[in-house]
Every structure is written in structure tokens, then in C-alpha cells.
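Geometric and topological summary
So you can see what is in the structure, the chains are spelled out below.
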Amino acid sequence: MLWVKAFHLIFVISWFAGLFYLPRIFVNQAMATQPAEIERLGLMTRKLYRFMTPIAGLALIFGIWTWAYYDFYLGPGWVWMHIKLTLVAFLIAYHAWCGKIYRDFAAGKNTRSHVWYRVFNEIPVLVLMAVVILVIVKPF
Ligand code: HEM
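Residues numbered from 1 in each chain as written. Predicted model: local features only at pLDDT ≥ 70, side-chain atom pairs only at ≥ 80, totals over all residues. Heavy atoms only, no water.

The protein is annotated in an unreviewed UniProt entry as Protoporphyrinogen IX oxidase from Chitinibacter fontanus.

1. Describing the packing of helix 1 (residues 2–31) against helix 3 (residues 79–106)
Just so we agree on the cut-off: Axis lines are fitted through C-alpha atoms, for helices just across the contact stretch, and the angle between N-to-C directions can take any value from 0 to 180 degrees. Numbered from the N terminus, helices here are DSSP runs of H or I no shorter than four residues, and strands are runs of E no shorter than two. Angles below 35 degrees are treated as roughly parallel, those above 145 as roughly antiparallel, those between 65 and 115 as roughly perpendicular, and all remaining angles as oblique. By convention the crossing between two helices is left-handed if the near helix lies anticlockwise of the far one by an angle smaller than a right angle, and right-handed if it lies clockwise. Pairs of residues are marked as contacts when any of their non-hydrogen atoms sit within 4.5 Å. Basically, the charged four are Asp, Glu, Lys and Arg, the nonpolar ten are Ala, Val, Leu, Ile, Met, Phe, Trp, Tyr, Cys and Pro, and anything else, Gly included, counts as polar.
Two numbers describe how helix 1 lies on helix 3: the axes approach to 11 Å, and their chain directions differ by 40°. The angle between helix 1 and helix 3 falls in the class oblique. Relative to helix 3, helix 1 is oriented so that their crossing is left-handed. Across from His8, Trp15, Phe16, Leu19, Leu22, Pro23, Phe26, Gln29 and Ala30 in helix 1, the residues of helix 3 making contact are Lys84, Leu91, Ile92, Tyr94, His95, Cys98, Ile101, Tyr102 and Phe105. Broken down by class, the residue content of the contact of helix 1 with helix 3 amounts to 14 nonpolar, three polar and one charged.

2. Notes on the UniProt feature "binding site: heme" (unreviewed entry) in the protein
Our working definition: UniProt positions are given in the numbering used here, feature names are shortened, and annotations may be inferred rather than shown by experiment. Accessibility here uses a 1.4 Å probe with only protein chains present; expressed as a share of the type maximum, an area under 20% marks a residue as buried, one over 50% as exposed, and anything in between as partly exposed.
The sites that carry the UniProt feature "binding site: heme" (unreviewed entry) are, in the present numbering, His8 and Lys84. These annotated residues cover 77 residues of sequence, and their C-alpha atoms all fall within 14.4 Å of one another, placing them together at a single site. If near-sequence neighbours (up to four positions away) are discounted, His8 is found in contact with Ala59, Phe62, Gly63, Thr66 and Lys84. By the secondary structure assignment, Lys84 is in helix 3. Of the residues examined, Lys84 reaches a relative accessible area of 14% and is grouped as buried.

3. Quick look at the pattern of salt bridges
The line we're drawing: Should a side-chain nitrogen of Lys or Arg be within 4 Å of a carboxyl oxygen of Asp or Glu, the pair is scored as a salt bridge.
Within the structure shown, the criterion is met by one salt bridge. Lys100 is the salt-bridge partner of Asp104, the closest N and O atoms lying 2.7 Å from each other. Taken together, the positions of Asp104 and Lys100, both in helix 3 and four residues apart, correspond to about one turn of that helix. For Asp104, a relative accessible area of 18% puts it in the buried group.

4. Structural notes on helix 5 (residues 123–137)
In an α-helix there are 3.6 residues to a turn, and that puts residues three or four apart on one side. For clarity, the threshold we go by: Multiply 1.5 Å by the residue count of a helix minus one, and that product is the helix's expected span. The arc in question is the one traced by the directions running from the helix axis out to the C-beta atoms.
The terminal C-alpha atoms of helix 5, which comprises 15 residues, lie 21 Å apart, in line with the 21 Å expected from a rise of 1.5 Å per residue. The complete set of buried residues in helix 5 reads Pro124, Val127, Val131 and Leu134. Down the axis of helix 5, the buried set is contained in an arc of 95°. They therefore lie on one face. Helix 5 presents Leu126, Ile136 and Val137 as exposed residues on the side facing more than 90 degrees away from its buried surface. Residues of helix 5 that are buried in the fold lie against helix 1, helix 3 and helix 4 (114–120).

This is the structure we're talking about:
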């Protein structure tokens, strides 16, 4: 069980490296003016997104596997898990949204400013803080 939980955390951390860095590249893309720079940043987002997606899948698989050791328990004292799973669903939607954004940039269809992406970039930070506090402190 501890091995499975360890790999759950390894893949969660790796996934978050991408969730923090990809929107940061969007900030640079939204400010880029030179064609060579636009091309290079577009290549970076495509490669990063394609790398992040299977990592996210592994984080989720190992999370579900860890939960299986608890017989998928969701009863009394596990309200934190209900909230965590809701936040995980939100994180998956955020990941998919990043996929749409990188494809929009590739098609030259971005309409948002770099300031918008700076705010967007902070969302996974807040989700990570909430999930770690829920899982470690288990306040509910
Ligand atoms: C399908 C999605 C997921 C499921 C079913 C899941 C399930 C679990 C379970 C059952 C545990 C063990 C809890 C315990 O021993 O008290 C755990 C640990 C943990 N999970 Fe997840 N998880 C998922 C996704 C995530 C995500 C996306 C994050 C980060 C945002 C995350 C962060 C953590 C952390 C930090 C721990 C460590 C808790 C400890 O040290 O005991 N999990 N997960």
C-alpha cells in the first residue's frame, strides 16, 4: 500500500510541475510578437501537454489504487475525501482547458491577455494547497 501511495505522490508532483509551467508558457505566448518565438513556445506547450497527460492518468490510477486499500470508503470522517474528489474533478477540467488553450494558440486564435493567463496560472496553486491540507490535516 505504501508503495502505491508513494507512486501516487510521485505522479501527482510530476503532474503539478506541468500544471504550474504550462500556463506560465501561455503568459509568454500571449506577449510574444516574433514568429520564431511564437513557433518555439508553441512547440514547448505541445510537447509539455503531451507529456503531462499520461502523467495525470498515472496519478489518478495510483490514487484510485490507493483508495482501493480503503475499500473506496467515503463514510463518516471522510468528508475531506468528498471535497478532495470534487477538487480532483475540477483539476481534470483545468487540465483539459489547458489542452484547448494550447490548441487555440497553435491555431492563432488566442484572444486573452498575458494578465489573464497570470491569474489562470494561480488556480492549480490554490487547488494544490487545498488538497494537501485536506489529505494531511483531514479537517472534516
Ligand atoms: C482519482 C483521484 C485520486 C484519488 C482516488 C486519490 C486517493 C488517495 C488516497 C486514498 C490517499 C490515501 C489517504 C490516506 O492514507 O490518508 C491519497 C493520498 C494523497 N493524495 Fe490522492 N487521490 C487522488 C488524486 C490526488 C491529487 C490530484 C492530488 C494532488 C492535488 C492528491 C494528493 C494526495 C496527497 C498529497 C496524499 C498523501 C497523503 C498522505 O501522506 O498520507 N491526490 N490519495
